[in-house]
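Descriptive structure summary
Take a look at the letters that make up each chain.
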Amino acid sequence: MAGVKHCYDGKIAGLYDLDKTLGKGHYAVVKLARHVFTGEKVAVKVIDKTKLDKSATGHLLQEVRCMKLVQHPNVVRLYEVIDTQTKLYLILELGDGGDMFDYIMNHEKGLSEEQAKVYFAQIVHAISYCHTLHVVHRDLKPENVVFFKEQGVVKLTDFGFSNRFQPGKMLTTSCGSLAYSAPEILLGDEYDAPAVDIWSLGVILYMLVCGYPPFHEVNDSETLTMIMDCRYTVPQHVSTACQSLISRMLQRDPKRRASLGEIESHPWLQGVDPSPAKKLSLPLTSYKSLSDEEHEIIIQSMECGSIADRGAIQE
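Quantities reported herein were computed from a predicted structural model and do not represent experimental measurements.

Attention now goes to the sheet that holds strand β4 (residues 41–48). On the basis of which strands lie adjacent, the open sheet formed by 6 strands has the order β1-β2-β3-β4-β6-β5 and antiparallel pairing. In this open sheet, the two strands that pair with only one neighbour each are β1 (11–12) and β5 (78–83). As paired strands, strand β3 (residues 28–35) and β4 are joined by 7 bridges and run antiparallel to one another. Its bridge partner being in β4, Ala28 is matched across the sheet by Ile47.

A separate point is the pairing of β4. With respect to burial, β4 is a largely interior element, 7 of its 8 residues being buried. For β4 and strand β6 (residues 87–93), the ladder comprises 7 bridges, and the chain directions are antiparallel. Paired with Val42 across the two strands is Glu93, which belongs to β6.

The next thing to look at is the nonpolar core. In terms of nonpolar packing, the biggest core is built from 74 residues, with Met100, Phe120, Leu156, Leu201, Leu205 and Ile263 touching the most fellow members. The leading source of residues in this core is helix α5 (residues 193–210), at 13 residues. A domain split of this core shows at least three residues from each of domain 1 (11–93) and domain 2 (98–269). Residues within four places of Phe120 in sequence aside, it is in contact with Leu201, Leu205, Leu208, Leu245, Met249, Ile263, Trp268 and Leu269.

You will see that His134, though not glycine, has its phi angle at about 60°, which is positive. Along the chain, the position of His134 falls in the loop between α3 (113–132) and β7 (135–136).

Here we come to the side chain of His35. Locating His35 in the fold gives a position in strand β3. Residue His35 is classed as buried on the basis of its relative accessible area of 17%. From its side chain, His35 meets the backbone nitrogen of Phe37 in a polar contact 3.2 Å long. In terms of polar contacts, His35 uses its side chain to reach the backbone amide nitrogen of Thr38, at 3.4 Å. In contact with His35, not counting residues within four places along its chain, are Leu15, Tyr16 and Glu40.

This part takes up the pairing of β5. Sheet analysis places β5 next to β6, joined by 5 bridges and oriented antiparallel. Along β6, the bridge assignment pairs Glu80 with Ile91. Here β5 folds back onto β6 in antiparallel fashion, the turn holding 3 residues.

Before going further, it helps to examine the packing of aromatic side chains. With the rule as written, the count across this model stands at 7 aromatic pairs. Their ring planes at 10° and their centres at 5.6 Å tell us that Trp199 and Phe215 sit as a pair that is stacked. Of the two residues, Trp199 is situated in helix α5 and Phe215 in the loop between α5 and α6 (220–229); the sequence distance between them amounts to 16 residues. Accessibility classification places Trp199 together with Phe215 in one group, the buried group. Arranged with centres 6.0 Å apart and planes meeting at 90°, the rings of Tyr206 and Tyr232 form a pair that is edge-to-face. On the criterion of sequence distance, the pair formed by Tyr206 in helix α5 and Tyr232 in the loop between α6 and α7 (240–249) is long-range, its members being 26 residues apart. With a relative accessible area of 1%, Tyr206 lands in the buried category. Overall, the relative accessible area of 21% leaves Tyr232 in the partly exposed class. Pairwise contacts between aromatic rings join Trp199, Tyr206, Tyr212, Phe215 and Tyr232 into one cluster. In this arrangement the basic side chain of Lys155 is found over the ring face of Phe148, its NZ or CZ atom lying 4.7 Å from the centre.

Looking now at the packing of α3 against α5. Two quantities define a packed helix pair, namely the angle between the axes and the distance from one axis to the other. At a minimum axis distance of 10 Å, the contact between α3 and α5 shows a crossing angle of 165°. Taken together, the axis directions place α3 and α5 in an arrangement best described as roughly antiparallel. Seen along the crossing, α3 lies across α5 with a hand that is right-handed. On α5, the residues touching Glu113, Ala116, Phe120, Ile123, Val124, Ile127 and His131 of α3 are Pro194, Asp197, Leu201, Ile204, Leu205, Leu208 and Val209. Split by residue class, the contact of α3 with α5 holds 11 nonpolar, 1 polar and 2 charged.

Sites flagged by UniProt as "binding site: ATP" (unreviewed entry) map to Lys45. Note on placement: Lys45 falls in strand β4. Exposure remark for Lys45: the relative accessible area of 13% places this residue in the buried category. If sequence neighbours within four positions are ignored, Lys45 has contacts with Ala28, Val29, Val30, Glu63, Leu88, Tyr89, Leu90, Leu92 and Asp158. Of note is the side chain of Lys45, whose polar atom sits 3.0 Å from the side chain of Glu63.

Basis of the calculations
Residues numbered from 1 in each chain as written. Predicted model: local features only at pLDDT ≥ 70, side-chain atom pairs only at ≥ 80, totals over all residues. Heavy atoms only, no water. Pairing = 2+ DSSP bridges. Helix = DSSP H or I, 4+ residues; strand = E, 2+ residues; numbered from the N terminus. Buried < 20%, exposed > 50% of the residue type's maximum accessible area, 1.4 Å probe, protein only. Core = buried A, V, L, I, M, F, W, Y, C linked by side-chain atoms within 4.5 Å. Domains from an automatic or database assignment. Contact = heavy atoms within 4.5 Å. Polar contact = N/O pair within 3.5 Å; in protein donor to acceptor, adjacent residues only side chain to side chain. Phe/Tyr/Trp six-rings, centres within 6.5 Å; stacked < 30°, edge-to-face > 60°. Lys NZ or Arg CZ within 6 Å of the ring centre and 35° of its normal. Axes fitted to C-alpha atoms, helices over the stretch in contact; angles between N-to-C directions. Parallel < 35°, antiparallel > 145°, perpendicular 65-115°, else oblique. Left-handed = near helix turned anticlockwise from the far one by under 90°. Nonpolar A, V, L, I, M, F, W, Y, C, P; charged D, E, K, R; others polar. UniProt positions renumbered as here; feature names shortened; annotations may be inferred.

Structural data, given as C-alpha cells:
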C-alpha cells in the first residue's frame, strides 16, 4: 500500500524521531534525531544489515566494541545500540560545530598556533586514552574530529577501522585514507598499531597550522611517492617548536616516531589544558525542561513499576 510507512520509519523503536541526513557511507547513513521524551538531539548511524558482507560486519562489531570501551570527554559517546531485523542503529552524541576538516578549509593559512595547540592537545589526550585501553583508531583525520561548541571541546569519532591490539604484536589490515596513512600501512607490511596513529597525528597537526595536507599531489601515485620518501615542506610562518614536533611524528621508520608521552611533554604543547571539557557534566535532561504531561507520564511509569508511591517520588 502506497503512503503507509513502516512503523519504524521516522521513529526508531518509538524512542527517537529521525530528521535530516548528516552524512552517507557505503552501508550506513548518519541522521539527526531527537529523543521523543527529552528532546535531546543525537546523531544516529543507521546501518543496513542486508548490505553488509563479512568484512564490513567485522568492522562494525569492532566499532561498537571499541566505542563502548572508550568513554572519554574527547571521544564521541555511543549511547546505545538498537538492533532490528534489517537495521542496526547506533545512537551517538551529536557535535554542534561541524568537523575539523571544514574548519581547516575555512582558514586558508591554517589556524593560529595558539588555537591549533588547544585542539591538538585534546586529540592527543583522546588517542593516549584509547592506546591505554589497547584500542588503535587507524583512521585519524580531520573529518573524524568533531567540534562541540557548547562543551568547548573537540571529540574523536568514527571508530569503523579501530581495533584492539596487543602491545608488541603486529597488525596487518590496511585501512584509512591515503593522505593520512603511514608508509608501512601503504606498503602492506605488518605494522606496530600505535605508531600508525602517531603518523596520522603528525598529518593532522601539519594541517592545523598550514591549512592543507603535507602529502597532497595531483594524483595518487605521486602522493604515494611523497609519503614513502617522507617528503614535505613546512611554510615559514610555522614556529620552529611546532616544526620539530611535526617532524617527530612524520618519521618514515615507525620505531623512530615519537611516543605519545614524548608528544605530550613536547615544549610546543606546554601550558595547554588537554581536557578543558566543562568540569561539571550536566545530566542529559533536566526536569525543568519537561512538560507537565511528560512529568506526569514519568511519575505514572515509576508508580506502575512499584519504584515508590507518588508522594515519595515528588519529594
